[in-house]
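Structural characterization, general
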Amino acid sequence: MSDMDVFAAMGIAGFGKKTKQRQLDPNRFEKNKRGDTIASSSAAAVEDNASRVPAPPAPPRPTAEEQDSGSEDIGPAPPPPGTNNDNGGEEPEFDAFDDDLDQPQFPISHELILKDHTKVVSALTMDPSGARVLSGSHDYDCKLWDFGGMDWRCKPFKTWEPAGSYYIHDVKFSNDGQQFLVISGTTQAKLYDRDGEELATYIKGDPYIRDMKNTSGHVAELTSCAWHPKDPQTFITSSLDSTIRIWDVETKRKQKTVIVVKSKERGARTKVNACGYSPDGALIGGACADGALHMWQTKSNFVRPSMSIEGAHAKGTETGSLVFSVDGQTVLTRGGDDTVKLWDLRSFKKPLVTRSGLATLYPQTNAIFSPDNKYVVTGAGATTKGGRGHLLFMKKDTLETVKDLEVDSTPVRVYWHSKINQVLTGLSNGQICVLYSPDMSVNGAKLPLNKGPPRKATVEDMSDAVAAPTIITPHALPMFRDSEVGRSTKRKREKERMDPRKSHRPELPVTGPGRGGRVGASATQHVVQNLVRDTTRDEDPREALLKLAATADENPVWTAAWRANQPKPVFAPVEDEEEDEEKR
C-alpha cells in the first residue's frame, strides 16, 4: 500500500484550502483558426491544412492474454517490433516531423489581428524576446503592443507621433531589446527606450554643403536603418542624399563615418533605399535607386565599395529590403521591379535565383529569410483595387512557391520571429496579422487568449460605481486621468507617482546650511568682498584720458625709439582776437 493510499484512508490526503483555478476553454484557439484560404503550388500542400503538426501514432495496445502472461514481469513492457531501441527505451525528444518530412511546416494555421492603424503599416518589428511588437504607419503613428499585457481587445499600450506629419519608413529594435530606432520621412533618426520614451534625436546636416563628407548628418529624407550585430552602440542609416552614415548611440551631434555612394549616372549621386549589416558585422550593404548593389568592408576607409553590381534591379525603382543570410554568404533583395533576387557574395556577378511577377505596390515591401534559412517569405500585392493580397513562402534555393497564403489586403512588411515561431505581416488596410500555430508557436499571440474571457460586472461593482462616481477634471494631470472607464489604473498611477518627471514634482527645498533662504557666508564671502563697483559710466572721458597724459610723456612705451631724434614742435604764437581789435 502506498503512502498516498494510507493518507487517503486516514482522511489527511490534502492540507489547506485548494486554490481556485480558472478553467480555460480548450477550444479558445479555434475561433482564430484560418479558413480554407490557402492555395498551394502542389496538391500535397493543399491537403495539408495550414501545416498542422500531426500527432505521433499510438503504439498498439497489448491483448488480454499478453497482459496476463506478462503480469509477473517487472519493469516497462518491451517495445513493439520494428522500433529502434538504441536510446535505452526512452522517447525521442522531438519526432513530430518524422512522418511528414517532405511537407514543410509553417506556423500559419491560426491568426490574430491587431487593428489600430488607419493606413498602411509601413514598418514592423519585434523585440528579441518576442514580447513586444513595434509598428509604424502612413498615418504618422508608431504603436507599441505587448502580448503579455494585452487582453481580448488587442490594443496597443502606447501610441505617439515621432515626426509630426511624416510617414514612418523603418523601425528596428536593438540586439538587447532595451531601445529602438524610428526612421521617418525627416532627416533625423530618433532613439527611444523600450517603453517608447524618447532618448535622442540625431542631428541633421547642412543642406547648403555640397560635399556630403563635411556635413554632420543627413540632408535628405531617411529610408532605412540597421543595428550592428555585435556592437550595441553602433547603427547605420541610409538616405536619399546618397550616403550611408555610421552613428554612435551616445554621440548625437555628429556621425562617426560617412559612406558616400557614387553613381555612374550623370551627377554621380543616387538615392540609397536600403542598407544592412552582415551577421558578423564585417560588411555593410546598400541598394540604390540607380539599380546598383554595393558592399563595403567595415575595416576599409569606405572610399569605394569592395563589391559592386550595376543593374542589380531596374533603374529608377525603389528596393524595399536588403537582408543577409545567417551564414553571411548570400544576400536577399526585394526590388521595386516586382522581383526577389538571391545573390552569392562569393561570386558577386549575377543573381543565383530570380523570382519575378511579384506585384509591388509600396516601396517598403520587404523579403526575409526563415529562421532555419531554408525558405524566403515576401508579400505580393493585390491585382485589383480592394482585392486580397498573397503572402508567399518560397524555397531558398529555387524561389519556388511552397505556400501561397491569402490575406485581407496587400502585405507590405513581413517579420518572422525565431524565438516564438510566429509570422507577423503588416497590411495595407492598417491591420497587423500575427500568424501562429498552437502546437508549434510559443507565447506571443497565444498569451491574450490564455487569459480567458473578461469578468462580468457584478452587483457589488455596480454599487461601487454609483457610490463613488468617477470625476474627470479637464485640466488634471494625464497621470490622474482614467484612460478607460471600468479598467483599473491604480498600479499605473502609483508607478507614475514615484517618477518625478511624470508627476511634475517641484524642486525640493534646500536642506542643510542654506535652509531658510540664506546661503552660508563661507560660500559667498570671497565673491562679495572682491566685487568692485564699476564707475566708468559716471566719469568724463576727456578727464580720464588727460590723467594719463603726464605718464605717457614721461614713459612712452610705443614711441621711445624716436625720443632722441624726434624734433620738438614749434608752434606760432596765437594772439587773442580781443588784442587784435585793440591794436587796430
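Here the structure is a predicted model, which is why all the values come from computation and not from measurement.

What follows deals with the packing of aromatic side chains. Within this structure, the stated rule accounts for 14 aromatic pairs. A connected cluster of aromatic rings, assembled from ring pairs, spans Phe106, Tyr375, Phe393 and Trp416.

Within the fold, Ser263 resides in the loop between β14 (257-260) and β15 (272-277). A distance of 2.8 Å separates the side chain of Ser263 from the side chain of Asp290, its partner in a polar contact.

Positionally, Thr398 belongs in the loop between β25 (389-395) and β26 (401-407). Residues Thr398 and Tyr375, spaced 23 residues apart in sequence, show a C-alpha to C-alpha distance of 9.6 Å.

One pass over the structure, following the stated rule, counts 11 salt bridges. Close ionic contact of Lys155 with Asp116 constitutes a salt bridge, the shortest N to O distance being 3.5 Å. Here Lys155 is found in the loop between β5 (142-146) and β6 (158-160), whereas its partner Asp116 is found in the loop between β2 (110-115) and β3 (121-126), with 39 residues between them in sequence. When its relative accessible area of 42% is taken as the criterion, Lys155 is described as partly exposed. As a salt-bridge pair, Asp170 and Lys172 come within 2.9 Å of each other at their nearest N and O atoms. Given the relative accessible area of 26%, Lys172 is considered partly exposed. Sharing partners across several salt bridges, the network here consists of Asp116, Lys143 and Lys155.

Further remarks concern the sheet that holds strand β11 (residues 222-227). Taken in spatial order, the four strands make up an open sheet running β11-β12-β13-β14, and their pairing is antiparallel. The open sheet is flanked by β11 and β14, the only strands paired with a single partner. Ignoring which end each strand starts from, the neighbouring axes of this sheet average 20° apart. Bridge analysis of β11 against strand β12 (residues 234-239) gives five bridges, and the strand direction is antiparallel. Opposite Cys225, over in β12, you have Thr237 as the bridge partner.

What follows covers the environment of Ser437. Tracing the backbone shows Ser437 in the loop between β29 (431-436) and α4 (446-450). A relative accessible area of 1% places Ser437 in the buried class. C-alpha separation for the pair Ser437 and Gln422, spaced 15 residues apart in sequence, amounts to 7.7 Å.

A few words on the pairing of strand β19 (residues 321-324). As paired elements, β19 and strand β20 (residues 330-334) share four bridges and run antiparallel to each other. Across the sheet, residue Leu322 finds its bridge partner in β20, namely Thr333.

Ordered by their spatial adjacency, four strands build an open sheet running β15-β16-β17-β18, and the pairing between neighbours is antiparallel. Looking at strand neighbours, the two that pair on one side only are β15 and β18 (307-309), the edges of this open sheet. Geometrically, the sheet is characterised by an average inter-axis angle of 15° between neighbouring strands, direction not taken into account. Where strand β17 (residues 293-297) meets β18, three bridges bridge the pair, whose relative direction is antiparallel. Bridge assignment links His294 to a residue of β18, and that residue is Ser308.

Counting buried residues in β5 gives five out of five residues, a clear majority hidden from the surface. Alternating residues of β5 divide into Cys142, Leu144 and Asp146 and Lys143 and Trp145, and every residue in both groups is buried. Note that β5 and β6 share three bridges and pair antiparallel. Each bridged residue has a counterpart across the sheet, and for Leu144 the counterpart in β6 is Lys158.

Basis of the calculations
Residues numbered from 1 in each chain as written. Predicted model: local features only at pLDDT ≥ 70, side-chain atom pairs only at ≥ 80, totals over all residues. Heavy atoms only, no water. Phe/Tyr/Trp six-rings, centres within 6.5 Å; stacked < 30°, edge-to-face > 60°. Helix = DSSP H or I, 4+ residues; strand = E, 2+ residues; numbered from the N terminus. Polar contact = N/O pair within 3.5 Å; in protein donor to acceptor, adjacent residues only side chain to side chain. Salt bridge = Lys/Arg side-chain N within 4 Å of Asp/Glu carboxyl O. Buried < 20%, exposed > 50% of the residue type's maximum accessible area, 1.4 Å probe, protein only. Pairing = 2+ DSSP bridges. Axes fitted to C-alpha atoms, helices over the stretch in contact; angles between N-to-C directions.

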